[in-house]
Each structure stands twice: as C-alpha cells, then as structure tokens.
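# Observations on the three-dimensional arrangement
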Amino acid sequence: SDVRFSGFVLTQVRSTVVPDTTYDLHWPVGEGFDTPVVTPPCDNCNAGGVGSRKFAVYEAGPPPYVRWAISSRVTQTVGETVVITDTVGDGHSLDCTSLRVRLATSVDAWGHPEFSSNYFNYTVDSCSDTTLQVTITATAVGQFFQLQGDSNPTVVQPSYVDSGTVTQQGTTDPVRATARALLTAERTA
C-alpha cells in the first residue's frame, strides 16, 4: 500500500549560521538524503544592529508563564536615556519582580545584539499588573539594552499579546509580540 506523510518542521537557527551561505540539511531517514538550505544575505546587518525589537514565548511550566524581552537600538552618547514601556494584553498579568536588564556591546552576523548574562542597572518608574515603564542610562557609546520579564496567564487561551515602546534619541519605536501557547512565538519589530 502507498503510505504518505506530510507535515512541517519548526527549527530555530543559532548565530553560528551566517548570512548568504549554503548549508546541507541532512535527513537520516532510510538511506538518508540532504536538502540544501541557503541563508539570505543580510544587507543591513552592521554595527548599528537591527533596531528596537520584542519577543515573547509561552513556557508551559508548571506553572505556565510568558517570557518576553524588549531590546533597544544602539546608544550614541554617554548618559543617553532609554525608556522602555510594556503593556500586556488580556489574559495575563505582569510579574514586576521578574524584571532584569542585560547589556550588549556587539552584534552577531545577523545584526542582533549579543547580550551578556550579566545584569545592568535600571530604574523602574512604574509597574502594575498591566503596564510598566523602565529607564536605563547608557554608560558608554555603543550599548544595547534588553529588558526581560515574565507575565503570568490569568486565563487559558491560545495566545498572549504583549506590546510596548522604546524611546531613545528622541524617537519612539513601537514593538509587539504574541506568545502562542503551542510553543511558538511570533516576533515583530
């Protein structure tokens, strides 16, 4: 009889994969076969980074939570102020005790900041169940900041929306992400 299979494979690429390169994806099924995968060029991946961004990922727990992060653009001056706001959508509430800020001073081949595991000083201007505002002051030119935090689901639903802003150098960048309860994340700048 004829047996067929269809589906999809979800993968995540680490920064060891570089732009404009061909890789062979090996499938060890039967005798095995290779599929060439070509990474696109990254024309705007320079020391300035990719700009303000946000991501959110649903973690099943127990207990379940949404892990999110908002990243800034690169700082241009010492003493530059970066103000980050966050607003969670329906169905989850902010955990104000989970906030932390990480620092990066370099970017990977794709222009994404390479954040250290060390935490950076910041000021919590306000934080409630639904909104927060944090201020970070640059100590050097060329710094990127990433505010990380968690929110706790208050109802079971297929996705959790989270939006915010990054205000820096006189410009406010809107950021938004949706954490899907099916272990995937939608990322937008």
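Details of the structure are given in the entry above.
Calculation criteria
- Residues numbered from 1 in each chain as written.
- Predicted model: local features only at pLDDT ≥ 70, side-chain atom pairs only at ≥ 80, totals over all residues.
- Heavy atoms only, no water.
- Disulfide = S-S within 2.5 Å.
- Helix = DSSP H or I, 4+ residues; strand = E, 2+ residues; numbered from the N terminus.
- Buried < 20%, exposed > 50% of the residue type's maximum accessible area, 1.4 Å probe, protein only.
- Phe/Tyr/Trp six-rings, centres within 6.5 Å; stacked < 30°, edge-to-face > 60°.
- Salt bridge = Lys/Arg side-chain N within 4 Å of Asp/Glu carboxyl O.

What follows is about the state of the cysteines. Across all of its chains, the model carries one disulfide by this definition. Note on cysteine connectivity: Cys96 is disulfide-linked to Cys127, with sulfurs 1.9 Å apart. Linking Cys96 and Cys127, the disulfide has an S-S dihedral of approximately -90° and is accordingly described as left-handed. Here Cys96, found in strand β6 (residues 92–104), pairs with Cys127, found in strand β7 (residues 123–127); they are 31 residues apart in sequence, far enough to count as distant. On the basis of relative accessibility, which here comes to 28%, the residue Cys127 falls in the partly exposed class.

This part covers the packing of aromatic side chains. Using the criterion set out here, one finds two aromatic pairs in the structure. Ring geometry for Tyr58 versus Tyr160: centroids 5.9 Å apart, planes at 5°, classification stacked. Here Tyr160 lies in strand β10 (residues 159–168) and Tyr58 lies in strand β3 (residues 53–59), a separation of 102 residues in the sequence. Measuring from ring centre to ring centre gives 4.9 Å for Phe120 and Phe145, while their planes differ by 45°; the resulting arrangement is tilted. You can see Phe120 sitting in the loop between β6 and β7 and its partner Phe145 sitting in strand β9 (residues 144–153), a full 25 residues away along the chain.

The next point concerns the pattern of salt bridges. Per the counting criterion, the structure on display carries four salt bridges. Here Lys54 and Asp86 are joined by a salt bridge, their closest N and O atoms 3.0 Å apart. Here Lys54, found in strand β3, pairs with Asp86, found in strand β5 (residues 81–88); they are 32 residues apart in sequence, far enough to count as distant. Of the residues examined, Lys54 reaches a relative accessible area of 3% and is grouped as buried. For Asp86, a relative accessible area of 0% puts it in the buried group. Among the ionic pairs, Asp150 bridges to Arg67, the shortest N-O distance being 2.5 Å. Note that Asp150 is positioned in strand β9 and Arg67 in strand β4 (residues 65–71), a separation of 83 residues in sequence. Taken together, the shared-partner salt bridges in this structure form one network comprising Lys54, Asp86 and Asp162.

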